[in-house]
Amino acid sequence: MNVAIFGVGYVGLVTGACLAEVGHRVDCIDIDQARIDGLNRGQVPIHEPGLESLVKQNLASTRLAFHADPARVLATADIVFIAVGTPSDEDGSADLTHVLAVAHTIGQYLERPLVVVNKSTVPVGTADRVREAITGTLARRGLSIGFEVLSNPEFLKEGAAVEDCMRPDRIVIGGDDPDAIETLRRLYAPFNRSHDRVITMDARSSELTKYAANAMLATKISFMNEIANIAEKVGADVEMVRRGIGSDPRIGWHFIYPGAGYGGSCFPKDVRALARTSKLHGHSADLLAAVEAVNDRQKHRLHGLIEGHFQPLGGVRGRTFALWGLAFKPDTDDMREASSRPLLERLLASGARVRAYDPEAGREARRLYGGREGLHLCATADEALDGADALVVVTEWRQFRSPDFHRLSRTLEAAVIFDGRNVYNPQEVEEAGIAYYGIGRGRSIQKECVHERPTRAGRTGTAPGGAGNAAGISGTSPVRSERGLERDAA
């Protein structure tokens, strides 16, 4: 089929490359001429495993192309996807400016019947608004051309998006016209061979399905973070609790990992947008408000642990912190609403210095922070450790999982690790002479006994057995190697 896709951001680019890979002819459209030119040279502006090679292969085969001229593409398209951004408005609702602009553009250049597919994450009722926008623009042209509007939400996880697109769990199609639905079924047939993954429903249910899915996953994360905070108060180890409840098939293992809060382009925005939609229809979604509130608070948990440790030692002013991980999750360079950002801001505002490293998000961090005083963006994880008092792990990249703790003990001036993703075994860390703080590892009931200890070359730090010690914890909690199999975002 001939496919047109408006938007070459995350969703549009992945969808276009995967559709071209299975034999469709795909033309992607964007108003950013510089980005279009770069993509036609094979320059992919985002990091996503497998995406760059897919784009280059299909550019070479001529099944994939990028344009800035919608008229040229719409002249031959059978299906048109809308895959543009829907950022949060000031009141938390989804901003449909770009979606409706595309709808008007389609109406302006439409010359023959086709199927319009809304791939963007949008509030319930947007399919109707898209239809009205196209119809209105056609009427101003004095034309009446048949078209159908379907909802087809994406369920791509950053870091695994190509895999998700090529081997989807489900393909949700929302609409009322059987012929249009059958057209989309044929488009997705190459992804639907082993068993039928297509779920059809009305457009409004399809639109709500996307929000409900992301809100449910965000709820699981916030719930587990709340359990972690309780565990700290009562002296329990949340990693043991996680294993205890995850073995229940009604709960399962996915999205029950405590940490420094969720981020990214989807969960925060979609929880707010769903709550706003609910309010507009006269219902107060109290649970969604709580999910967001817990997550907002959790993003400051690491800073609270850092302040609590260093306050008896004179505070964080003048201290240097090595920060491993800037992206909101591994295998992406996306820093939108990442937990690293409020931590960076608070540390720098407190007079601390930060040496930060991320395998992929360095370029994005430079764009966001430039030459921010007190912040040094490093080229390697080891470089970030130079002169650091403490190590803070914010993103659980694989390369951070098995450091040499004895070497870290010699390197870190204050010999302390703040583990925002519970990647490490507390006992292993502390046996190397490093104080350890995790999320929900029973810290709060430990004896408050922070004191300076003399060390090599006059270095001072916190002695094991003090506030950072994991005394009273079994030490049998495994390093979370299985976490790499899960992608905590949609």
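Heads up: the structure comes first, above all this text.
What you see is a predicted model; the values in this text were computed from it and never measured.

Novice: Help me out: how do you make sense of the pattern of salt bridges in this one?
Specialist: Oppositely charged side chains are able to pair whenever their charged atoms sit close together. Summed over all chains, the structure comprises 27 salt bridges. Residues glutamate 163 and arginine 167 are paired through a salt bridge, measuring 3.1 Å at the closest nitrogen-oxygen approach. Owing to a relative accessible area of 55%, arginine 167 belongs among the exposed residues under this scheme. The salt bridge involving glutamate 226 is made with arginine 297; its shortest N-O contact spans 2.5 Å. Pair noted here: glutamate 226 is in helix 9 (residues 203-234) and arginine 297 is in helix 12 (residues 286-298), with a separation of 71 residues, a long-range link. Among the residues examined, glutamate 226 registers a relative accessible area of 28% and is labelled partly exposed. A single network of salt bridges, built from pairs that share partners, joins Asp128, Arg131 and Arg204.

Novice: Just to check I follow, could you spell out the pairing of strand 3 (residues 64-67) for this structure?
Specialist: Consecutive side chains of a regular strand alternate in pointing toward one face of the sheet and then the other. The two faces of strand 3 match: Leu64 and Phe66 on one face and Ala65 and His67 on the other face are all buried. Where strand 2 (residues 25-29) meets strand 3, four bridges bridge the pair, whose relative direction is parallel. Bridged to isoleucine 29 within strand 3 is histidine 67.

Novice: Explanation requested: the pairing of strand 10 (residues 353-357) in the structure shown.
Specialist: Counting buried residues along strand 10, four of its five residues qualify, which places the element largely inside the surrounding structure. Relative to strand 10, strand 9 (residues 320-324) runs parallel, the two sharing five bridges. If you follow leucine 323 over to strand 10, its bridge partner there is alanine 356. Crossover handedness for the path strand 9 to helix 14 (residues 340-349) to strand 10: right-handed. Here strand 10 runs beside strand 11 (residues 375-377); their pairing, made up of three bridges, is parallel. From the neighbouring strand, arginine 355 faces strand 11, where its bridge partner is histidine 376. In this view, the connection linking strand 10 to its parallel neighbour strand 11 by way of helix 15 (residues 362-369) has right-handed handedness.

Novice: Honestly, the sheet that holds strand 13 (residues 416-419) in this entry has me stumped. Any pointers?
Specialist: The strands that make up a sheet pair up through hydrogen bonds in the backbone, lying either parallel or antiparallel. Across the sheet, six strands lie side by side as 11-10-9-12-13-14; this open sheet has parallel pairing. Edge strands, defined here as strands with exactly one partner in the open sheet, are strand 11 and strand 14 (435-437). In this sheet, neighbouring strand axes are inclined to one another by 20° on average, regardless of whether the strands run parallel or antiparallel. Of the strands in this sheet, strand 9, strand 12 (390-393), strand 13 and strand 14 touch helix 13 (residues 301-310), which is tilted by about 160° from strand 13.

Novice: Is there a simple way to explain helix 11 (residues 267-280) in this structure?
Specialist: Structural remark: α-helix, 3.6 residues per turn; residues separated by three or four positions point the same way. Its 14 residues give helix 11 an end-to-end C-alpha distance of 20 Å, which sits within 8% of 20 Å, the value for a rise of 1.5 Å per residue. Next to the buried residues of helix 11 lie helix 9 and helix 12. The first or second residue beyond helix 11 is glycine 282, which carries a positive phi of 85°.

Novice: Would you mind showing me how to read the nonpolar core here?
Specialist: It is characteristic of soluble globular proteins that their nonpolar side chains tend to be buried jointly. The biggest cluster of nonpolar side chains holds 41 residues, and the ones touching the most others in it are Leu19, Val55, Phe66, Phe81 and Leu184. Counting residues per element, this core draws most heavily on helix 1 (residues 10-21), which supplies eight residues. The residues contacting phenylalanine 66, other than those within four sequence positions of it, are Val8, Leu13, Cys28, Ile36, Leu39, Asn40, Val55 and Leu59. Counting 40 residues, the second largest nonpolar core, distinct from the first, contains Ala260, Phe310, Ala390 and Phe418.

Novice: Explanation requested: the environment of arginine 407 in the structure shown.
Specialist: Of note, arginine 407 is situated in helix 17 (residues 405-411). Put simply, arginine 407 and alanine 432 are 25 residues apart on the chain and 8.6 Å apart in space, counted from C-alpha to C-alpha. In contact with arginine 407, other than residues within four places in its own chain, are Asp382 and Leu385.

Cut-offs used in this document
Residues numbered from 1 in each chain as written. Predicted model: local features only at pLDDT ≥ 70, side-chain atom pairs only at ≥ 80, totals over all residues. Heavy atoms only, no water. Salt bridge = Lys/Arg side-chain N within 4 Å of Asp/Glu carboxyl O. Buried < 20%, exposed > 50% of the residue type's maximum accessible area, 1.4 Å probe, protein only. Helix = DSSP H or I, 4+ residues; strand = E, 2+ residues; numbered from the N terminus. Pairing = 2+ DSSP bridges. Right-handed = clockwise from strand over helix to strand, strands pointing away. Axes fitted to C-alpha atoms, helices over the stretch in contact; angles between N-to-C directions. Contact = heavy atoms within 4.5 Å. Expected span 1.5 Å × (residues − 1). Core = buried A, V, L, I, M, F, W, Y, C linked by side-chain atoms within 4.5 Å.

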